[in-house]
Amino acid sequence: MGKFLFSLYRFLGSLQCALFLIGTTALFVIVGTVLESFSESHLFAAKLTYSHPLFSLLIWGFFLNILLSSLRRYPFKVKHIPFLITHLGLLMILSGVLVKVYFGTQGTLTLAEGASKQKITRQGEMALLVADHKNPDVEYRVDVHAKGPIPRQKDGLHLHLVNHYPHIKKSYSSWIKDHKLHIFGLSPMPIVNDDDEKIEIPKSSRARFYEGDTPWDIYAIMTHDVGKTFSKLYQQRSDTPLLAFIQDDHQDIYSIFIEKHGGVSAKKFLAEKPSPFISLDKGFKGYATEWILKDKQMDPLEKPLLESVFQVHGKAALAFNLQEKIKDACSTSKELSPPLWMWEMMCLMSSIPFAESFVAFLTDWDDSRGWLYPKEHALAKHLDFSLIPKSDLEASLWSATILEDLDLSDSNEILHNLEQKEWPLVEALKKQEDQNPNALLTLLTQQIFSASHALPLQMISHINEGKAKIFSAYLRAYDIHLSTLMPGNLSDQEKNLLLTHYFESKSALEMREPITLMTSIIPVFQKVQEKIKLEDNVPLIQVVVKKAGALQSIYLDYDQGGNGLKWPILDGQYLLSFKALTQAIPYKIRLRTARQINYPNSTQPHSYESDLIITDLRNGEELEKTISMNEVHETWDGYRFYLASMTPPSLESAKRVQIVVNHDPAKYFLTYPGAIILTLGIVLLFALRPYRHV
Amino acid sequence: MIHYNLNFILLILSLFCLTACTSNDGTPKEIKTVEIIKGRNFLEGGTLTSRLPIYRAKVPLDWIRYDCLPSESLSDTTKPLCTFHILDKETKDSIRITIHNFPSEKIEHRIPVKEQINRWLNQFETISSQGSVTCQESFNGFIGMYLSTAGSQPKAPDLSVLGWALQLPKDHYHALTPHPSDETSKAKYLQMRADVTIKAQGTSWLMQRHQEAIEAFARSFELIDEIP
């Protein structure tokens, strides 16, 4: 036994052992580097290498090897002094490392400009935070792999860690929960699944929102296709206003109000984060979201809803817009084209509103789908063709006559008919690039007008009949038709704008007073595959809470930043959150200003700087200090503050910086003195050459 | 046997020399004092509320500070919280720096900073050929805009303006909106979350001379208490 111990003692202090330790450490470092590069995760690599217990064992191995290699020289001689000094330095440095590993602190501080903190977030350590109405928040360290009771001393509240899931996806349920529609103040309403077989969507309930008013229909629907469902709902609606809550496959909810004229107000509540997010009694009564229906408010509609509304009201909205444009043109005394002027004169004589009556005529003409207005028109009867040049009247008559006899549906038929009628300019029509019937007819009308002086005179007396048709031929010569006056491809924004103006004109969406609908928000968790990049995982724990016979289970997802929501338990007696463990440090750090320093004449960052006020809480001393990427602040008691990153400002938030805080308690009495002693030992070894052979 | 030689002594000496260094860049620093600036008071039931210390800034010693009388009401936001003057002894020209704040009960009541900048620009009849510089600023918890311009105004043919229109970002504003029942924080937080303007105006040549000091002053302007 003694022989074995002696051999062990000799081996542990030997050069071979030192080489083995160096080799193994190098191997760890190589594996760590490869793993980090492969997984892009420092945490993943550290878990298997640097933070592994074997790595700590290696450091202890180094310590033992150096200590024993020195002891093997016993009894010491003068020539051993440089060697012993060197090894003492190494032992002090390694002791410093071990003290830092077991008693040191590593954490981060995320600070916004103007704010301060005195607690750091410890990396990789988790905690359960318990808050109540009276006492300051308390954190309890949680090891997610150790299920069982979480020690808690106060007021008989027992916490028990039941389950842990390495990675989850979080969303929120708002209006629709447990297959029911929930609105504060109303009973839960059943949900309807909208599938293709159902012709009509049944309503879930009715509710009266204004005293003495007709109750509104309420629909709660789940669907795969919001556009199709909304379209169906929009078509089946009656004069009664309706509220609809439609949930899609992504669990997003469209809340929709359709008033009696067809005006729509809608809001989308994202499952990822419904907005607004309202805390009730600072979260003790939970969280809620709301939807406010205000007077004459038509928010821009999203694609699936917009298309359906535009399909029904788009033409009317465009006509209304055209009517407004004509009114504007008249008010700015712009010169009107002859056919419009003729209509205006007729309106003046008959005391009829010009813009409205003209757009109504165009709409009616467009609805008839004819190239010319096909029938008699009550107002057109009063048109006075003597106001326009005689040549224009002749051309209009000829256009009406020629176009009346043509089959206008097909380009070939048009050309064939014109050849049969020996129209002299038919070749020019054949050469026309665009052989669309409408393009051919426009060109033909213009040909007739250009050649009108060469055409035989018509019987002017005929114009007492078919005045609307002749007038429409005249309009065609000026390329005036609803289809040519209305813009073709409209963007969603333009469509929204048109509909808003249209419904405003109809006094739609008038509310006597705003209606606020509210519902509670609850989190929904979905277990998903754990990622190799551990930093991207969101762990979830299940905690059972007991107090005085009351028992409740709650799921809490990990809140890395520590600024997330706390969830109520036991009827709002407590709030809980699962977050990174924080630790108070003896300093309060206030961030005044953070700056990005760019390379000259460039927007490329060269460095980041932060102006801090560091207050030592033990004596109240304040220090103003600027730290940067390469300028660390070190305190007398071993705290180091590194600037790690900066987030630019926005309207929502001021600039933020992340500061890495490191506390090495042994730095000044072990590590640094050890480094000086080591240097001295090396210098002595080289200078005195105590082992040289004379 | 240990041999002491000259090389060894030189090596030790050089090590000592290498560890000695200085970070002093030799530039003389301007002496400044930290000035406390109080918020507005209001008439409540016929009596004026007290003005609470809200802001602080570093001010060069040779600037002259003017405050209103303690009995004066500052509920009118056109009145500045305090004014600083930079005097040129030779020409008797001066720069006037005014600090205003605009308390608001709700975030929706705040005026966009761009409007404030436009208002300042509109006060000029003509803008100098060098034009105006406006840019985004963010410091000490405030976000906003910076304006540097020169031109002529009806009563000042040669006027240069440096201005900052500042607001707290939404998260800070909400952090300073206390619970309705929290009466103690109410008055202080109302002042703390107020929008702020800092405007310096004076002749162009004097402004050029003091621009750096004025900018340093504005960027040292901060709330005394940190954002909770």
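Residues numbered from 1 in each chain as written. Chains lettered and ligands numbered in written order. Predicted model: local features only at pLDDT ≥ 70, side-chain atom pairs only at ≥ 80, totals over all residues.

Visitor: Teacher, can you tell me more about the overall build of chain B here?
Guide: Helix and strand counts for chain B stand at 5 helices and 13 strands. Expressed as a percentage of the 228 residues in chain B, the buried residues total 30%. Contacts spanning at least 24 positions in sequence make up 61% of the contacts within chain B whose residues lie at least 6 apart. (Helix = DSSP H or I, 4+ residues; strand = E, 2+ residues; numbered from the N terminus. Buried ≥ 20, exposed ≤ 12 C-beta atoms within 10 Å, placed from the backbone. Contact = placed C-beta atoms within 7 Å.)

Visitor: Any chance you could explain the pairing of strand S13 (residues 242–247) of chain A here in plain terms?
Guide: Successive side chains on a regular strand alternate, one facing one side of the sheet and the next facing the other. All names here are of chain A. Most of S13 sits inside the fold, with 6 of its 6 residues counted as buried. Residues Leu242, Ala244 and Ile246 point to one face of S13 and Leu243, Phe245 and Gln247 to the other, with burial holding for every one of them. Taken together, the 6 bridges between strand S12 (residues 216–222) and S13 define a ladder with parallel strand orientation. Within S13, the residue paired with Ile221 across the bridge is Ile246. In this view, the connection linking S12 to its parallel neighbour S13 by way of helix H6 (residues 226–236) has right-handed handedness. Relative to strand S14 (residues 253–258), S13 runs antiparallel, the two being bridged by 6 bridges. Looking at S14, one finds that Gln247 is bridged to Ile253. With antiparallel pairing between neighbouring strands as the criterion, S13 and S14 make up a hairpin whose turn holds 5 residues, including Gln251 at a positive phi of roughly 70°. (Pairing = 2+ DSSP bridges. Right-handed = clockwise from strand over helix to strand, strands pointing away.)

Visitor: Is there a simple way to explain the nonpolar core in this structure?
Guide: For soluble globular proteins, nonpolar side chains are generally found buried alongside one another. Formed by 74 residues in total, the largest nonpolar core has its most connected members in Ala244, Phe245, Ile246, Ile256, Val264 and Leu305 of chain A. Once you skip the residues sitting within four places of it in the chain, Ala244 of chain A turns out to touch Tyr219, Ile221, Leu233 and Ile256 of chain A. (Core = buried A, V, L, I, M, F, W, Y, C linked by C-beta atoms within 7 Å.)

Visitor: What is the right way to read helix H11 (residues 411–420) of chain A from this model?
Guide: Side chains three or four residues apart in an α-helix point the same way, a direct result of the helix having 3.6 residues per turn. Residues and elements named next belong to chain A. The complete set of buried residues in H11 reads Ile414, Leu415 and Leu418. Down the axis of H11, the sector holding all buried residues measures 95°, keeping them to one side. Across H11 from its buried face, at more than 90 degrees, point the exposed residues Asn412 and Gln420. In this structure, the buried side of H11 is in contact with helix H12 (426–431) and helix H13 (437–450). (Arc of directions from axis to C-beta.)

Visitor: I tried to follow the interface of chain A and chain B on my own but got confused; where do I start?
Guide: Size of an interface, as often reported, equals the accessible area lost when the parts are brought together. Of the residues lining the interface, 18 residues belong to chain A; the matching set on chain B comes to 18 residues. Of the residues contributing to the side of chain A that touches chain B, the split by class is 8 nonpolar, 5 polar and 5 charged. (Nonpolar A, V, L, I, M, F, W, Y, C, P; charged D, E, K, R; others polar.)

Visitor: Explain the domain arrangement of chain A to me, please; I cannot follow it from the model alone.
Guide: Residues and elements named next belong to chain A. With domains assigned, chain A is organised as domain 1 (2–104 + 669–688), domain 2 (106–167 + 528–663) and domain 3 (173–298 + 508–521). Each of domain 2 and domain 3 was reduced to a C-alpha centroid, and the two centroids are 38 Å apart. In this complex, domain 2 contributes 6 residues to the contact, which on the side of domain 3 involves 5 residues. Its residues placed into classes, the side of domain 2 that touches domain 3 shows 3 nonpolar, 2 polar and 1 charged. (Domains from an automatic or database assignment.)

Visitor: What should I look at first to understand the confidence of the model for chain B in this one?
Guide: Fine structural detail should not be taken from predicted coordinates in areas where pLDDT scores are low. Across chain B, the average pLDDT comes to 84, with 85% of residues at or above 70. This complex was scored by the predictor with a pTM of 0.70 and an ipTM of 0.83. (pLDDT = per-residue confidence, 0-100.)

Visitor: I keep staring at the packing of helix H4 (residues 53–71) of chain A against helix H5 (residues 81–103) of chain A and nothing clicks. Help me out?
Guide: A packed helix pair is summarised by two numbers, namely the angle formed by the two axes and the spacing between the axes. Residue and element names in this part refer to chain A. Taken N-terminus to C-terminus, the directions of H4 and H5 make an angle of 155°; their axes are 10 Å apart at the nearest point. The angle between H4 and H5 places the two elements in the roughly antiparallel class. Considering only the axes of H4 and H5, their crossing is left-handed. Contact residues: H4 offers Ser56, Ile59, Phe62, Phe63, Ile66, Leu67, Ser69 and Ser70, while H5 offers Leu84, His87, Leu90, Leu91, Leu94, Val97, Leu98 and Val101. (Axes fitted to C-alpha atoms, helices over the stretch in contact; angles between N-to-C directions. Parallel < 35°, antiparallel > 145°, perpendicular 65-115°, else oblique. Left-handed = near helix turned anticlockwise from the far one by under 90°.)

Visitor: What should I look at first to understand the sheet that holds strand S18 (residues 515–527) of chain A in this one?
Guide: Two orientations exist for strands paired in a sheet by backbone hydrogen bonds: parallel and antiparallel. Residue and element names in this part refer to chain A. Strand order in this open sheet of 4 strands is S6-S18-S17-S16, and the pairing throughout is antiparallel. Two strands bound the open sheet, and with one partner strand each, they are strand S6 (168–173) and strand S16 (278–279). Pairing analysis gives 2 bridges linking S16 to strand S17 (residues 287–293), with the strands arranged antiparallel. If you follow Ile278 over to S17, its bridge partner there is Ala288.

Visitor: What is the right way to look at the sheet that holds strand S7 (residues 176–177) of chain A in this model?
Guide: Residue and element names in this part refer to chain A. Taken together, 3 strands build an open sheet; the order of strands is S7-S8-S9 and the sheet is antiparallel. Both outer strands of the open sheet, S7 and strand S9 (189–190), are each paired with one neighbouring strand and no more. Two strands pair when backbone bridges link them, and S7 and strand S8 (residues 180–181) are joined in this way by 2 bridges, in the antiparallel orientation. Bridge pairing in S8 links Ile176 to Leu181.

Visitor: I tried to follow helix H2 (residues 113–122) of chain B on my own but got confused; where do I start?
Guide: Residue and element names in this part refer to chain B. Every buried residue belonging to H2 is among Val113, Gln116 and Ile117, and all of these are buried. Seen along its axis, H2 keeps its buried residues to an arc of 95°; they face one direction. The outward face of H2, more than 90 degrees from its buried face, is lined by the exposed residues Lys114, Glu115 and Asn122. Structurally, H2 contributes buried residues whose contacts are with strand S9 (133–139), strand S10 (142–153), strand S11 (156–167) and strand S12 (195–202).

Visitor: I tried to follow the environment of Arg206 of chain A on my own but got confused; where do I start?
Guide: All names here are of chain A. Along the chain, Arg206 falls in strand S11 (residues 205–207). Accessibility expressed as a C-beta count within 10 Å gives 14 for Arg206, which makes it partly exposed. Not counting residues within four places of it along the chain, the set of residues in contact with Arg206 comprises Pro215, Trp216, Asp217 and Ile218.

Visitor: Hey, could you run me through the pairing of strand S20 (residues 550–559) of chain A in this one?
Guide: Residue and element names in this part refer to chain A. By the bridge criterion, 8 bridges tie strand S19 (residues 540–547) to S20 in an arrangement that is antiparallel. Pairing of Gln542 across the sheet is with Tyr555, part of S20. In this antiparallel pair of consecutive strands, S19 and S20, the connection spans 2 residues, and Ala548 shows a positive phi of 45°. In terms of strand pairing, S20 meets strand S22 (residues 574–598) through 2 bridges, oriented parallel. Bridging across to S22, Tyr558 finds its partner in Phe578.

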